[in-house]
Amino acid sequence: MKRSFSAAFCRVAIFLLLFLPSLSVCGQSYQSFVSTLEQIKERIRFKIGPLGITPVIRFKNVGYDSNVYYQHEDNDPVSDFTATFSPEIQAYLLFRDYLILSLVENPEYVYYHEEKRERRWNNMLSTEFKLLFLNRFVISGKYYYRDHRRRATSEFDVRANEMISSYSGQLFYETARKSSFGLSGFTGKFSYEDVTQPGEEIYLSRDLNRTETGGIFEFYYRIFAKSFFFTTVGHTDYEFEYPESRWRDSYSYQVYTGVRFPRLGSVGGILSVGYKKLIPRVEDKESFSGLVGNTRLNFRLWRFGIRLSSEYDCHFSYWTNNIYFTEDRYGVGISFYLTRFLRMDYDLSRAKTRYPEPVSVRMPDGSYEEILRRDRYRNHSVGLAFRIIENTGIGIVVNFWERESNYYWENRKRGFIGTYITYEF
């Protein structure tokens, strides 16, 4: 008996070494071991011995884009037809009730009919383990890799290849009521492609390539059956790759608190607010301190679905001499179920971005002026969704996006009309 247990333990240990290249650490919204196990068992579609598999196929952004590169209207915006095919495989290996091994692989093909430079295979790979020991302690480790061509922040007009490779881990103590506390840590490398948008070269790699390393203390207290009050306190260090960008090196402290609701039910999502201080290592650059938050809430009431969102944070900038810009974003959405098979959707979001350092810019009349750049965003979406089977449906959406800036050349407009498949009808 002891020999078989030792052999099994060795096989598991060897598998973990192959499965996860590192046990370095990260900060994520923590789920208890029992809750994770329950969600996996509900999610599994097929079983091959001890291996559980859940396949997912998504079709996104199938339609017409009126401004592929988010160009100013004076530059004859390029339009095109586009579609995204995104299959995903989730695989789980469960060892009784004390060890979870998981793998998620999500290749994705983005197609543009005319703009061949925008055609691309993206990929996301995630591997993770969770080990429960002494009935109360959980140790976990994760490797995450993503190589996507996308707009990493609202500052991006042209999509750029972004590659993220990170390692993470956690050590938590869990109570019988599923409350928990513990330490998380992470290290991640962010790399970007240098791109050329019409009339302008942008050296994203030089300005944004960096390594982020940090640690977080997390506390979760169960207040309802599946809802938790939480508090997290963390520190992050940002080190930029290129010598000419080392003046962007910074570190931050942040604290968040809020309530995490269940994924399903009459109320779902997360309510999170906090405080963050970002401090550049170069003394003469502007630091950031203020309220931050990331809230996503949804409500179901009779035939109505209501969505509320808000996000307040600062993001690293590649624009001129600014280390960062701040962004305040909020949105509201409503869905009305006309029948069991037909749903009408409307979403509105607004945002403001601010840059802390003044810059000299060229105005429409050819003169130069020193400004503190300010941008405003508006995004409207209207759509209809038709149920096909169970919670799967097909939708049609019309979207209008606009940016207004006190820097004239950054004004932009874009429209999109298309279809999509939803699994949350």
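To be clear, the structure that these remarks concern was listed above.
This write-up is about the structure you can find in this document. All values derive from a computational prediction rather than experimental measurement.

**Considering a nonpolar patch on the surface**
Part 1 of the reasoning: Together, Leu338, Met344, Leu384, Phe386, Ile388, Ile389, Ile394 and Ile396 make up an exposed nonpolar region whose accessible area comes to about 680 Å².
Part 2 of the reasoning: Within the residue set of the nonpolar patch, elements represented by two or more residues are strand E21 (374-389) and strand E22 (392-405).
Part 3 of the reasoning: If one sorts the elements of the nonpolar patch by residue count, E21 sits on top with four residues.

**So, empty space enclosed by the protein**
Part 1 of the reasoning: Using the criterion set out here, one finds one cavity of 30 Å³ or more in the structure.
Part 2 of the reasoning: In this structure, the largest cavity encloses a volume near 30 Å³.
Part 3 of the reasoning: The wall of the largest cavity is formed by Tyr30, Gln31, Ser32, Ser35, Lys178, Ser180, Tyr220, Phe228 and Arg260.
Part 4 of the reasoning: Counted by class, the lining of the largest cavity contains three nonpolar, four polar and two charged residues.

**Thoughts on the side chain of arginine 151**
Part 1 of the reasoning: Positionally, arginine 151 belongs in the loop between strand E6 (137-150) and strand E7 (160-174).
Part 2 of the reasoning: Setting aside residues no more than four positions away along its own chain, arginine 151 makes contact with Val68, Tyr69, Tyr70, Phe156, Asp157, Val158 and Arg159.

**A look at the pairing of strand E3 (residues 80-95)**
Part 1 of the reasoning: Examined bridge by bridge, strand E2 (residues 51-65) and E3 share 13 bridges and lie antiparallel to one another. The residue bridging threonine 54 from the neighbouring strand is glutamine 90, located in E3.
Part 2 of the reasoning: Note that E3 and strand E4 (residues 99-112) share 11 bridges and pair antiparallel. Within E4, the residue paired with alanine 91 across the bridge is leucine 103.
Part 3 of the reasoning: In this structure, the hairpin formed by E3 and E4 is closed by a connection of three residues, where arginine 96 is found at a positive phi of approximately 50°.

**Here's the deal with the packing of aromatic side chains**
Part 1 of the reasoning: In the structure shown here, the tally under the stated rule is 25 aromatic pairs.
Part 2 of the reasoning: With a centroid separation of 5.3 Å and 85° between ring planes, the pair formed by phenylalanine 156 and tyrosine 318 is classed as edge-to-face. Of this pair, phenylalanine 156 sits in the loop between E6 and E7 while tyrosine 318 sits in the loop between strand E16 (304-316) and strand E17 (324-339), and the two are 162 residues apart along the sequence.
Part 3 of the reasoning: Phenylalanine 156 gets classed as buried once you look at its relative accessible area, which sits at 4%.
Part 4 of the reasoning: Judged by relative accessible area, which is 13%, tyrosine 318 ranks as buried.
Part 5 of the reasoning: An angle of 45° between the planes, with centres 6.0 Å apart, marks the rings of tyrosine 377 and tryptophan 401 as tilted. Pair noted here: tyrosine 377 is in strand E21 and tryptophan 401 is in strand E22, with a separation of 24 residues, a long-range link.
Part 6 of the reasoning: By relative accessible area, tyrosine 377 is classed as buried at 4%.
Part 7 of the reasoning: Each member of the aromatic cluster is reached from another via a ring pair, and the members are Tyr30, Phe172, Tyr220 and Phe230.
Part 8 of the reasoning: The ring of phenylalanine 190 carries the charged tip of arginine 210 above its face, separated from the ring centre by 4.6 Å.

**Concerning the nonpolar core**
Part 1 of the reasoning: Counting residues in each nonpolar core, the largest one holds 34 residues, and the members touching the most others are Phe156, Tyr192, Leu204 and Leu208.
Part 2 of the reasoning: Breaking this core down by element, the ones donating at least two residues are helix H2 (33-43), E7, strand E8 (180-192), helix H3 (204-208), strand E12 (228-240), strand E15 (288-301) and E16.
Part 3 of the reasoning: Top element by residues in this core is E12. It accounts for four residues.
Part 4 of the reasoning: Residues Val359, Val361, Met363 and Tyr407 belong to the second largest nonpolar core, which totals eight residues.

Criteria and cut-off values
Residues numbered from 1 in each chain as written. Predicted model: local features only at pLDDT ≥ 70, side-chain atom pairs only at ≥ 80, totals over all residues. Heavy atoms only, no water. Patch = residues over 30% accessible without salt bridge, like charges linked within 9 Å, V, L, I, M, F, W, Y side chains within 5 Å. Areas by Shrake-Rupley, 256 points an atom, 1.4 Å probe, with all protein chains shown as cover. Salt bridge = Lys/Arg side-chain N within 4 Å of Asp/Glu carboxyl O. Helix = DSSP H or I, 4+ residues; strand = E, 2+ residues; numbered from the N terminus. 1 Å grid on protein atoms, 1.4 Å probe; cavity = no way out; pocket = protein on both sides within 12 Å on 5 of 7 lines; lining within 4 Å. Points joined across faces, edges and corners; volume = space filled by probe spheres on them. Nonpolar A, V, L, I, M, F, W, Y, C, P; charged D, E, K, R; others polar. Contact = heavy atoms within 4.5 Å. Pairing = 2+ DSSP bridges. Phe/Tyr/Trp six-rings, centres within 6.5 Å; stacked < 30°, edge-to-face > 60°. Buried < 20%, exposed > 50% of the residue type's maximum accessible area, 1.4 Å probe, protein only. Lys NZ or Arg CZ within 6 Å of the ring centre and 35° of its normal. Core = buried A, V, L, I, M, F, W, Y, C linked by side-chain atoms within 4.5 Å.

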